[in-house]
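Next come the chains, spelled out residue by residue.
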Amino acid sequence: MSGQGTSIEPFRNVAAAEIDSEAFQKILSASEPVEYHEDDVIMASGSDSQSICYVEKGTVEVSYSTKGTNIVVALIGKGELFGEIGFFDGVSRVRNVRAVENSTLRIWERDQVLQIRGKDPDLYGSFVTLMARSICSKFRRVLEDREPLTGYAASLSTGKRIFREARPVPEHLFVTEEWRLVNRLVERCKADFFSLGYELQREKGEDINEERRLECHGILDQFNDGLQDCFSLIEDEQIEEYLWGFVFKEIFPYFMRSRFAERAFYKPKGYAGDFLMMEMIYLNRPDGDGKLGKLVDEWCINTAAARAVRGRRKLLSSILESCSEKHRSQEAVTRILNLACGSNRELFDFLGRYKWTESIEATCVDADTEALEYTNRHVNVVPHRAAVRFMQDNVVKWALGRVRHNLGQMDIIYSAGLTDYLDRKLLQALAKRSYEHLKPGGVFVVGNFGQNNPNRAMMEHLLQWNLVHRSEADLRDIFSHTPFGKNIDVLSESEGINLFAVARKQPEGNVTV
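Conventions and cut-offs
Residues numbered from 1 in each chain as written. Predicted model: local features only at pLDDT ≥ 70, side-chain atom pairs only at ≥ 80, totals over all residues. Heavy atoms only, no water. Buried < 20%, exposed > 50% of the residue type's maximum accessible area, 1.4 Å probe, protein only. Helix = DSSP H or I, 4+ residues; strand = E, 2+ residues; numbered from the N terminus. Pairing = 2+ DSSP bridges. Right-handed = clockwise from strand over helix to strand, strands pointing away. Core = buried A, V, L, I, M, F, W, Y, C linked by side-chain atoms within 4.5 Å. Salt bridge = Lys/Arg side-chain N within 4 Å of Asp/Glu carboxyl O. Disulfide = S-S within 2.5 Å.

Caption draft 1: Summary view of the pairing of strand β13 (residues 410–415). By the criterion of burial, β13 is predominantly enclosed, with 6 of the 6 residues buried. Looking at chain direction, β13 and strand β14 (residues 438–449) are connected through 5 bridges and run parallel. The partner of I413 across the bridge, within β14, is F444. With respect to chirality, the unit in which β13 leads through helix α16 (residues 424–436) into the neighbouring parallel β14 is right-handed.

Caption draft 2: Layout of the nonpolar core. Counting residues in hydrophobic clusters, the biggest one holds 55 residues, and the most contacted among them are F193, F223, L227, F255 and W465. Counting only elements with at least two residues in this core, the list comes to α6 (177–202), α7 (210–233), α8 (237–255), α9 (259–266), α10 (275–283), α11 (290–300), α12 (304–329) and α17 (456–461). The next biggest cluster of nonpolar side chains, apart from the first, holds 47 residues, and it includes V55, I71, I336 and I412.

Caption draft 3: Seen up close, the pattern of salt bridges. Throughout the structure, instances matching the rule amount to 33 salt bridges. Across the salt bridge formed by R98 and D39, the nearest N and O atoms sit 2.5 Å from each other. Here D39 lies in the loop between β2 (32–36) and β3 (41–43) and R98 lies in strand β8 (residues 96–99), a separation of 59 residues in the sequence. A salt bridge links R476 to E472, with the nearest nitrogen and oxygen atoms 3.1 Å apart. Taken together, the residues span about one helical turn, with R476 and E472 both in helix α18 (residues 472–480) at a distance of 4 residues.

Caption draft 4: Summary view of the state of the cysteines. Evaluated as defined, the whole model comprises 0 disulfides. As a non-bridged cysteine, C341 has C364 as the owner of its nearest cysteine sulfur, 5.1 Å distant. Classification of C341 as buried rests on a relative accessible area of 7%.

Next comes the structure, spelled out in structure tokens:
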């Protein structure tokens, strides 16, 4: 780093909206301009809090380290203050700050601030007001995200379980054709499970023979197909809730022997589809209570929906590679932003086989710190030379503009499964925000389960795992009301269940017709 005399640019922070430019020029003139080069450490955790900093040019990264993983909590850009909280309370710094790019900071040491107070009390009052506004804005965010995963779960459009008080059963329920269909399906499944369980108990040892395995899968396939038929046939809203309640009560205990089904239902992180559930699908290692539990678990993580999740991993990895190849041909760095990233398997699949990883910069954002730590320890183990940043934040709030970071412009922004849980307005907000952060010609990719999901009834009515299913026409219509317009292709993984909207920002000079 080095100090130099630079011209002072206008202050652009909202916190200073009521401070006139002349006053702020005086405040800045009392500071020292300091230049930092990319990756220079500006502040270290545990260091003394004796200064306040203002970003005049460039971007700085605020982070902390946990279990060997560097977690980014903020990217501060031009016109922003930092370090003011520690300056006031005198407590040692609790975050690390480094320059993401060549940056110029204006720095006030404690003595300089005290000189302002002595020479010009009114100017000092304006300076304190500026710092107070900046601190308030940060603390509001802290209060909003004091339980980040709870807040994230609450911001999703689906995944809430609703339990109602007991009510009398409608008198006509047991004479309906729907009841006869559901009851026959449930009783047959229970009888088949009883026979299977009896045979499994008779067989000694922990090994499960292939005959029992196929028998269990057949029972569950038949039950799943029957549920799907019920899903399309039950139209009477008065009896629908009772029928599904009966299915749940009778069959739920069998599914809860599966570790995957158990996690899907109880949602220990507050929402379905967390990174550990996806890891269960990716790793495909059945686990459960006893032999029957392992068989049910094996079926659950090999359903068509689960295979589609593994398929989307491959498809996304190939999309990342093809887009990066186009940029490499132009001798350009490819900047990737992964939203609600989970364990990032598709990203590191790509990095593990790509020969020119030094040209890749990736930022992986998730509300769950555990997901970021897991990625760094267990997934980021392939050899590569890419610059990978792990950042904790609520992507939904980012989409709505409630959280702002100086992320810069990206070549690829993608999310594997977030939009399965977003309603139309939230998806459009995410697309609009992503458009703003894309370079001209950049690509926005989001996955969404299609309406032909053959496991939908089981997921919704046994596991309480609700997704927003969409068709290709739905996705095209949603994007047509965003800045992307009609610049969208819709792909699918090999199962044809998980759709992908691939939207492009028009290159400069092109006009959408």
